[in-house]
Amino acid sequence: GGGEQDFCRALRFGAAPDGSHYYPAFPYPNLTKLTRQDISAIRAYLATLAPVQNTPPKPELRWPLNYRVVMRGWNWLFFKPGIVMPDQQKSAEWNRGRYLADGAGHCGACHTPKNMFGADKRGHRYAGGDVAGILAPRLDGADGSRLKSWSVEDVAGYLRSGRSASGHAGGLMAEIVVNSTSKMSDADVSAIAVYLKDLPDGGPN
């Protein structure tokens, strides 16, 4: 129905039913990678949640970003819609990890540095980011990466529990572990770990 189409268009293209554009704080640049089957599954799950009363605050954005029409230009420059295609040179586990990390998990939203327009810096994937003044460490294959000395098992264990040899997850990452990665299957958590451990050096952030 229309609701299904509207929901898919929101996740795939960042577009509202009235044709206006969402801001990429709603992670449609990542959610566009999801299959239609998974998009439908997300909608079906959301339909089981009890409705709540809430009046969202209005966006507080500086000019000219307070005009949604500006997002047309942003999307043209920085947004590449479409599902992610498997890399036939990589394992099924690696491809599953990429799908989860780059898609629904949108890990790069925090862990990839942004340019002056708030888009991911090209060629610097997972090289570390700044989230409201808090460092999201780099996860790529660079020497300064948080994951450089971790094994796949270390990464998977951290995603399951928020604990590692170097300490506990805090702040936003603690919320992600509690509300997301700790609820994933062992196979999916391991797949994400395999993918992250295979990331190339993303260069300086």
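The following refers to the structure shown. (Residues numbered from 1 in each chain as written. Predicted model: local features only at pLDDT ≥ 70, side-chain atom pairs only at ≥ 80, totals over all residues. Heavy atoms only, no water.)

1. Notes on the overall build of the chain
Looking only at helices and strands, the chain features nine helices and four strands. Counted from the first residue to the last, the chain has its helices and strands arranged as α-α-α-α-α-α-β-β-α-β-β-α-α. Against the globule reference of 17 Å for 205 residues, the chain gives a C-alpha radius of gyration of 18 Å, in line with a compact fold. With the C-alpha coordinates aligned to their principal axes, the bounding extent of the chain is approximately 50 × 40 × 40 Å. (Helix = DSSP H or I, 4+ residues; strand = E, 2+ residues; numbered from the N terminus. Rg over C-alpha atoms; globule rule 2.2 N^0.38 Å.)

2. Thoughts on the packing of aromatic side chains
This structure, assessed with the given rule, holds eight aromatic pairs. Centre to centre, the rings of Y22 and F26 are 5.4 Å apart; their planes meet at 70°, and the pair counts as edge-to-face. Taking the relative accessible area as the measure of exposure, F26 reaches 29% and is therefore partly exposed. For the pair F26 and Y28, a centre-to-centre distance of 6.5 Å together with 40° between the ring planes defines the contact as tilted. Three or more aromatic residues joined by ring pairs make a cluster, and in this case those are Y22, F26, Y28 and F79. (Phe/Tyr/Trp six-rings, centres within 6.5 Å; stacked < 30°, edge-to-face > 60°. Buried < 20%, exposed > 50% of the residue type's maximum accessible area, 1.4 Å probe, protein only.)

3. Description of helix α7 (residues 152-161)
Along α7, the residues that are buried comprise V155, A156, Y158 and L159. Angular distribution of buried residues about the axis of α7 spans 160°; they occupy a single face of the element. Residues of α7 that are buried in the fold lie against β3 (163-164), α8 (171-179) and α9 (186-197). A positive phi of about 80° marks G162, the residue just after α7. (Arc of directions from axis to C-beta. Contact = heavy atoms within 4.5 Å.)

4. Quick notes on the side chain of D102
As for its placement among the helices and strands, D102 is situated in helix α5 (residues 92-104). On the basis of relative accessible area, D102 is assigned to the buried category, the value being 11%. Only 2.5 Å separates the side chain of D102 from the side chain of Y126, close enough to count as a polar contact. Polar contacts involving the side chain of D102 include one to the side chain of Y195, which spans 2.8 Å. (Polar contact = N/O pair within 3.5 Å; in protein donor to acceptor, adjacent residues only side chain to side chain.)

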